[in-house]
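# Examination of the molecular architecture
Chain residues, written in single-letter form:
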Amino acid sequence: MDKWECQLCDYVYDPEEGDKESGIAPGTPFEDLPDDWVCPICFVGKDEFKKQ
């Protein structure tokens, strides 16, 4: 699965890890994140992320 990087703060969403703080289970692909999911560091939307 591809990792995705926030273009604002460089946070990397790793699907193998998920996002525990937002209730996103490990194994969740970026494409399957809810539309209202935001970066846990700087709170921008998914449209600010770029595939690594």
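All of the points below concern the structure found in this document. (Residues numbered from 1 in each chain as written. Predicted model: local features only at pLDDT ≥ 70, side-chain atom pairs only at ≥ 80, totals over all residues. Heavy atoms only, no water.)

## Remarks on the packing of aromatic side chains
In this structure the tally under the stated criterion is seven aromatic pairs. On the basis of an interplanar angle of 85 degrees and a centroid distance of 6.2 Å, the ring pair of Phe30 and Trp37 is categorised as edge-to-face. Overall, Phe30 belongs to the buried group, its relative accessible area being 5%. Taking the relative accessible area as the measure of exposure, Trp37 reaches 4% and is therefore buried. Each ring, one from Phe30 and one from Phe49, has its centre 5.5 Å from the other, and the planes form 40 degrees; the classification is tilted. Residue Phe30 is found in the loop between strand E2 (12-13) and strand E3 (49-51), and its partner Phe49 is found in strand E3; the two are separated by 19 residues along the sequence. Judged by its relative accessible area of 7%, Phe49 falls in the buried class. Three or more aromatic residues link up through ring pairs in this structure, and these residues are Trp4, Tyr11, Tyr13, Phe30, Trp37 and Phe49. Cation over ring: Lys46 sits above Phe30, and NZ or CZ is 5.4 Å from the ring centre. (Phe/Tyr/Trp six-rings, centres within 6.5 Å; stacked < 30°, edge-to-face > 60°. Buried < 20%, exposed > 50% of the residue type's maximum accessible area, 1.4 Å probe, protein only. Helix = DSSP H or I, 4+ residues; strand = E, 2+ residues; numbered from the N terminus. Lys NZ or Arg CZ within 6 Å of the ring centre and 35° of its normal.)

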